[in-house]
Amino acid sequence: MIQKRVRAVQDYFLLGAASIRFIFVRPFYPQDVVQQMEEIGVKSLGIVLLTGFFTGMVLALQASVQLQRFGATIYIGGLVSGSIVRELGPVLGGLMVAGRVGSGIAAQLGSMKVTEQIDALNTLGTDPIKKLVTPRVVAAVIMMPILTIIADLVGIIGGNVISTFLVGIPRSLYWRTVWDQIIAGGFSFGFVPNEFIHGLLKPIVFGFIIALTGCYFGLRTTGGTEGVGVATTRTVVTASVLILVTDYFITQALLAVLVP
Amino acid sequence: MSHPEGRSDRRQGERRGDATSAEVREAIRTELAQEARGAGQRDGRDPVIALRHVYLSFDKPILEDITIDARLGETIAIVGESGTGKSTALKLILRLLVPDQGSVEIDGQDIAQLSFDEALEVRKKMGMVFQGAALFDSMTIYENVAYPLHEHFRLSEEEVEARVREKLEFVDLDPEDVMDKLPSELSGGMRKRVGIARAMAGNPEIMLYDEPTSGLDPLTTGTITRLILKLQRELDVTSVVVSHDIRSVFRMASRVALLGDRRIVFFGTPEEMAASDDPYIQAFLGGF
């Protein structure tokens, strides 16, 4: 039992390593990458916009209640941007994309597995990892940071809506505190705000986790259509847990490395 | 060459309703002598495919001491009860699986020793027709049949299209009618024919069929069987057919391997099989 689990973890990492190695091995499948970028990125835009906007609004609302006790409501912008850029944008965006994209990848590859399409690829002389896994991993790693930037921006705008119309803080003051918060984290290489490194390194890792987990469970699907359902569920649960766990360790590491 | 299969079909069709299994076996013996000779069997040559003393097990033993071979242009059928490892034997030939012991040779090369990438090269010599056709459901019929051509051949798009049309016509499909459709828009029999067209697109030396007639009505079964015979005769490929359908197998195969209890129970010509008085073989044939 333990041996089986250890082997499963090993297979997961081997699949990840193979998916990266095949980025540099011919033949390349650029069309598949573009198609997956649309599938993973463009089609997730709606859900990410919605998540970002409402997260920003609720953060501003909660912050206004807490900060009012100290007469510090003018710092709403800083609190919203600090929370969203560093944590909530990447993590909530990652969890939403894990639900939408990870499950989709697992279902698609799982269906291909149970209908022997994966075997068909093999027999036609194509490595399924190169054809199916690598394009999805590359597309997710490219699109997740872009989605996160959009989610962050929309979230901060959501916070602005609440702070301006409900709390009554001038728009210019809100945006100044947003920027103050960003530069307060310090800079790397002299000009890249550390906040952005926190906020953009995570979605790269999360994108990799989401695509790899979906592919891993999809390609291991057995037991017909029921197996596809199991693969989908496992993907969402595993990817979500991995996102939350790696988020902690990335934050810990970055806090140690990027000193303001 | 004259083509006796139309006549044979009519004769079999007339018998279908009232024949006893003994009569059918007798008829098969005579028909088979003609059919198998027409299949282009060539004796005295090195085998194109050879499984030698192959053992395979996962959690429990699947195959034990399997030895079969197929010579150039020959059609070997693997038959047996469900779950006896027939499809597994095909996966060994494709090197989708590697035996625990023994060797699997293609053109004299032991493919069990090859790396994954080398195995991909060997697979280009083979065309595989899957039980459920296994067409890529996100691609059109044209893209499906053109897939191996785009992957492994440096052909212009015009040449690819010409080849796709040729293969679709070979399997009696109208290219204009089906090329732009998705697999989900076709019937089971049509999908199977597209599967055959895709498998033969790269002009393979070896064709492998996994239950080519399962799940099809008797008329479509006849069509697919005729198609496989046509492929044998016109392209002279070496074939391995895994099937439950003894009637089709006896029409197609030059030799039949009967798998039972993880081992080869019988390997010989259909005539020898039909003439055998082995109780297991008789029981197996009696069911049809």
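Residues numbered from 1 in each chain as written. Chains lettered and ligands numbered in written order. Predicted model: local features only at pLDDT ≥ 70, side-chain atom pairs only at ≥ 80, totals over all residues. Heavy atoms only, no water.

**Student:** Sorry if this is basic, but what is going on with the sheet that holds strand S6 (residues 126-129) of chain B here?
**Tutor:** Two pairing modes exist for strands in a sheet, parallel and antiparallel, and in both the strands are linked by backbone hydrogen bonds. Residues and elements named next belong to chain B. One open sheet holds the six strands; their spatial order is S6-S7-S8-S3-S9-S10, and the pairing between them is mixed. In this open sheet, the two edge strands, each paired with only one partner strand, are S6 and strand S10 (263-268). Averaged over all pairs of adjacent strands, the angle between strand axes in this sheet comes to 15 degrees, irrespective of strand direction. Pairing between strand S9 (residues 255-260) and S10: five bridges, direction antiparallel. For Ala257, the partnering residue across the bridge sits in S10 and is Phe267. (Pairing = 2+ DSSP bridges. Helix = DSSP H or I, 4+ residues; strand = E, 2+ residues; numbered from the N terminus. Axes fitted to C-alpha atoms, helices over the stretch in contact; angles between N-to-C directions.)

**Student:** Help me out: how do you make sense of the confidence of the model for chain B in this one?
**Tutor:** Fine structural detail should not be taken from predicted coordinates in areas where pLDDT scores are low. Residue and element names in this part refer to chain B. Confidence along chain B averages 83 in pLDDT terms, with 84% of residues attaining 70 or more. Confidence drops under pLDDT 50 across residues 1-19; counting only partners more than four residues distant or on other chains, this segment forms 21 contacts. Within the model, pLDDT remains below 50 along residues 32-44, and this stretch shows 31 contacts once partners closer than five positions in the same chain are excluded. We note a pTM of 0.84 for the whole complex and an ipTM of 0.82 for its interfaces. (pLDDT = per-residue confidence, 0-100. Contact = heavy atoms within 4.5 Å.)

**Student:** Explain helix H8 (residues 188-199) of chain B to me, please; I cannot follow it from the model alone.
**Tutor:** Turn by turn, an α-helix covers 3.6 residues, leaving residues three or four places apart pointing in a common direction. Residues and elements named next belong to chain B. Taking 1.5 Å of rise per residue, the twelve residues of H8 would be expected to cover 16 Å, and the 16 Å separating its terminal C-alpha atoms lies within 8% of that figure. Of all twelve residues in H8, nine are buried; the element is thus mostly enclosed. For H8, the complete set of buried residues consists of Gly189, Lys192, Arg193, Val194, Gly195, Ile196, Ala197, Arg198 and Ala199. (Expected span 1.5 Å × (residues − 1). Buried < 20%, exposed > 50% of the residue type's maximum accessible area, 1.4 Å probe, protein only.)

**Student:** Mind showing me how you'd approach the interface of chain A and chain B here?
**Tutor:** Frequently, the measure chosen for interface size is the accessible area that the parts lose on association. Listed as interface residues are 15 residues of chain A and, on the opposing side, 21 residues of chain B. For the pair chain A and chain B, the interface holds one salt bridge. In this structure, Lys91 of chain B and Asp119 of chain A form a salt bridge, with 3.6 Å as the shortest nitrogen-oxygen distance. Viewed at the interface, chain B and chain A are joined by six residue pairs in polar contact (both at pLDDT 80 or more). Broken down by element, the residue count for the side of chain A that touches chain B peaks at six residues, all from helix H5 (residues 117-123) of chain A. Among the residues making up the side of chain A that touches chain B, the classes are represented as five nonpolar, six polar and four charged. (Salt bridge = Lys/Arg side-chain N within 4 Å of Asp/Glu carboxyl O. Polar contact = N/O pair within 3.5 Å; in protein donor to acceptor, adjacent residues only side chain to side chain. Nonpolar A, V, L, I, M, F, W, Y, C, P; charged D, E, K, R; others polar.)

**Student:** Explain the environment of Gly268 of chain B here, please?
**Tutor:** Residue and element names in this part refer to chain B. Turning to its location among the elements, Gly268 is positioned in strand S10. Among the residues examined, Gly268 registers a relative accessible area of 4% and is labelled buried. Other than its neighbours up to four places away in sequence, Gly268 contacts Arg255 and Val256.

**Student:** When you look at the pattern of salt bridges in this model, what are you seeing that I'm missing?
**Tutor:** When their charged atoms lie close together, side chains carrying opposite charge are able to pair. All names here are of chain A. Applying the stated criterion to the full structure yields 21 salt bridges over all chains. Salt-bridge contacts for Asp247 lead to Lys202; the nearest nitrogen and oxygen are separated by 3.1 Å. Note that Asp247 is positioned in helix H9 (residues 224-257) and Lys202 in helix H8 (residues 194-219), a separation of 45 residues in sequence. Summarising the burial analysis for this pair, Asp247 and Lys202 share the class buried.

**Student:** Sorry if this is basic, but what is going on with a nonpolar patch on the surface here?
**Tutor:** Residue and element names in this part refer to chain A. On the surface, a nonpolar cluster with roughly 480 Å² of combined accessible area is contributed by Val237, Val241, Val245, Tyr248 and Phe249. Along the chain, Val241 turns up in helix H9. Residue classification places Val241 among the partly exposed positions, given a relative accessible area of 45%. (Patch = residues over 30% accessible without salt bridge, like charges linked within 9 Å, V, L, I, M, F, W, Y side chains within 5 Å. Areas by Shrake-Rupley, 256 points an atom, 1.4 Å probe, with all protein chains shown as cover.)

**Student:** I'm lost on the packing of H8 of chain A against H9 of chain A in this one. Help?
**Tutor:** Working note: a packed helix pair is described by the angle between its axes plus the distance between those axes. Residues and elements named next belong to chain A. It is the contact of H8 with H9, at a shortest axis distance of 9 Å, that shows an interaxial angle of 155 degrees. With respect to their mutual orientation, H8 and H9 come out roughly antiparallel. Relative to H9, H8 is oriented so that their crossing is right-handed. A class-by-class count of the residues in the contact of H8 with H9 yields 14 nonpolar, seven polar and three charged. (Parallel < 35°, antiparallel > 145°, perpendicular 65-115°, else oblique. Left-handed = near helix turned anticlockwise from the far one by under 90°.)

**Student:** Quick question: what am I supposed to make of the packing of aromatic side chains here?
**Tutor:** All names here are of chain A. With the rule as written, the count across this model stands at seven aromatic pairs over all chains. An angle of 75 degrees between the planes, with centres 5.4 Å apart, marks the rings of Tyr12 and Tyr216 as edge-to-face. Pair noted here: Tyr12 is in helix H1 (residues 2-21) and Tyr216 is in helix H8, with a separation of 204 residues, a long-range link. Here Tyr12 and Tyr216 have matching classes, each one buried. Relative to Phe217, the ring of Tyr216 lies with its centre 5.1 Å away and its plane at 80 degrees, an arrangement referred to as edge-to-face. No difference in accessibility class separates Tyr216 from Phe217, as the two residues are buried. Put simply, the rings of Tyr12, Phe13, Tyr216 and Phe217 touch in pairs and so form one group of aromatic residues. The ring centre of Phe22 lies 4.6 Å from the NZ or CZ of Arg21, which sits over that ring. (Phe/Tyr/Trp six-rings, centres within 6.5 Å; stacked < 30°, edge-to-face > 60°. Lys NZ or Arg CZ within 6 Å of the ring centre and 35° of its normal.)

**Student:** Is there a simple way to explain the sheet that holds strand S4 (residues 101-106) of chain B in this structure?
**Tutor:** Residue and element names in this part refer to chain B. On the basis of which strands lie adjacent, the open sheet formed by four strands has the order S2-S1-S4-S5 and antiparallel pairing. The open sheet is flanked by strand S2 (61-71) and strand S5 (109-110), the only strands paired with a single partner. In this structure, strand S1 (residues 47-57) lies alongside S2, joined through seven bridges in antiparallel fashion. Paired with Ser57 across the strands is Pro61, a residue of S2. Sitting on the sheet, helix H3 (residues 86-93) is in contact with S1, S2 and S4, with an inclination near 120 degrees to S1.

**Student:** Can you help me understand helix H5 (residues 141-152) of chain B in this one?
**Tutor:** Residues of H5 of chain B that are buried include every one of Ile141, Tyr142, Asn144, Val145, Ala146, Tyr147, Pro148 and Leu149 of chain B, and no others. Residues of H5 of chain B that are buried make contact with H5 and helix H6 (128-167) of chain A together with helix H6 (157-170), helix H7 (175-178) and H8 of chain B.

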